[in-house]
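Single-letter residue listing:
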Amino acid sequence: MEFEVAGGLIAIGSSPFGDQRLGYVTGGRFYGERLNGTVLPGGGNWSRSGRLGDAAAVGTFDARAVWQTAGGALIYVTYGGRSVIPDDVRAAFADPSAPPVDPARYYLRIAPVFETADPALAWLNGVLAIGVGERTDFGVRHVVHEVL
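Summary of the structure given here. (Residues numbered from 1 in each chain as written. Predicted model: local features only at pLDDT ≥ 70, side-chain atom pairs only at ≥ 80, totals over all residues. Heavy atoms only, no water.)

**Some words on the layout of surface pockets**
Of the volumes computed, that of the largest pocket is approximately 1,300 Å³. Of all the elements in the fold, those that place two or more residues in the lining of the largest pocket are β1 (2–15), β2 (18–31), β4 (44–51), β5 (56–69), β6 (74–86), α1 (87–94), β8 (129–135) and β9 (140–146). By residue number, the principal contributor to the lining of the largest pocket is β5, which donates eight residues. When its residues are assigned to classes, the lining of the largest pocket shows 25 nonpolar, 13 polar and eight charged. Volume-wise, the second largest pocket comes out at about 240 Å³. What lines the second largest pocket is a set of 13 residues, among which M1, R34, W123, V144 and E146 lie closest to the centre. Considering each element in turn, the lining of the second largest pocket owes the most residues, three residues, to β9. Looking at side-chain class alone, the lining of the second largest pocket contains eight nonpolar, two polar and three charged residues. (1 Å grid on protein atoms, 1.4 Å probe; cavity = no way out; pocket = protein on both sides within 12 Å on 5 of 7 lines; lining within 4 Å. Points joined across faces, edges and corners; volume = space filled by probe spheres on them. Helix = DSSP H or I, 4+ residues; strand = E, 2+ residues; numbered from the N terminus. Nonpolar A, V, L, I, M, F, W, Y, C, P; charged D, E, K, R; others polar.)

Dropping the structure here:
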């Protein structure tokens, strides 16, 4: 399954606990063999970032969102994760005229879990997954794999 989200960013700033940001969700979609639908507006990612050595930023994910399937079922999705973005990649991300960056040049990983009250999707309540992310023109896309 894949999902992609779009949104905005509120930079809260550097405190003694790190550089705090809020990435809020304005929408998105998810699609795959067993699930399809939209990512509803209103979720967000409460993230922190810092430095990993002299040439890269490291960040955390603390994200929550609500997905709605094509059939109308609601799924609460939460995930934590990590990112490692080299400084030259961050500079390219900040430059709207720069070409897309090869996702092999940076690290974006998440571990989503799902919660739903829909009986037809009850199997999701027992799933742990991992996701590999990449930045896109839309926002961020994650390819999600169920851990068996």
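**What about the side chain of T116?**
Relative to the assigned elements, T116 resides in the loop between β7 (107–115) and β8. Assessed through its relative accessible area of 10%, T116 is described here as buried. Separated by 2.8 Å, the side chain of T116 and the backbone oxygen of L74 make a polar contact. In this structure the side chain of T116 is engaged in a polar contact, spanning 3.2 Å, whose partner is the backbone nitrogen of D118. If sequence neighbours within four positions are ignored, T116 has contacts with L74, I75, L121, L124 and N125. (Buried < 20%, exposed > 50% of the residue type's maximum accessible area, 1.4 Å probe, protein only. Polar contact = N/O pair within 3.5 Å; in protein donor to acceptor, adjacent residues only side chain to side chain. Contact = heavy atoms within 4.5 Å.)

**Concerning a nonpolar patch on the surface**
Nonpolar side chains collect at one region of the surface, where V113, L128, I130 and V147 lie side by side and expose about 310 Å² of accessible area between them. Within the secondary structure, V147 sits in the segment after β9. Owing to a relative accessible area of 42%, V147 belongs among the partly exposed residues under this scheme. (Patch = residues over 30% accessible without salt bridge, like charges linked within 9 Å, V, L, I, M, F, W, Y side chains within 5 Å. Areas by Shrake-Rupley, 256 points an atom, 1.4 Å probe, with all protein chains shown as cover. Salt bridge = Lys/Arg side-chain N within 4 Å of Asp/Glu carboxyl O.)

**Observations regarding the pairing of β6**
Covered by surrounding structure in β6 are I75, V77, Y79, G81, S83 and I85 only, the residues L74, Y76, T78, G80, R82, V84 and P86 on the alternate face being uncovered. The pairing of β5 with β6 spans 13 bridges and is antiparallel. Bridge assignment links A56 to a residue of β6, and that residue is P86. (Pairing = 2+ DSSP bridges.)

**Some points on the side chain of H142**
The residue H142 is located in strand β9 in this model. Each residue touching H142, except ones within four places of it in the same chain, is listed here: M1, E2, F3, Y79, L108, I110, V132 and G133.

**Quick notes on the pairing of β4**
One ladder, built from six bridges, connects β2 with β4; its direction is antiparallel. Of the residues in β4, the one forming a bridge with Q20 is R48. Pairing between β4 and β5: five bridges, direction antiparallel. Paired with R51 across the bridge in β5 is A57. Hairpin connection between β4 and β5: a loop of four residues separates the two successive antiparallel strands, and G53 in this loop has a positive phi of roughly 75°.

**Some thoughts on the packing of aromatic side chains**
For the structure on display, the rule yields six aromatic pairs. Three or more aromatic residues joined by ring pairs form one cluster here, namely F3, F30, F61, W67, Y79 and F114. Sitting over the face of the ring of W46, R64 holds its NZ or CZ atom 5.0 Å from the ring centroid. (Phe/Tyr/Trp six-rings, centres within 6.5 Å; stacked < 30°, edge-to-face > 60°. Lys NZ or Arg CZ within 6 Å of the ring centre and 35° of its normal.)

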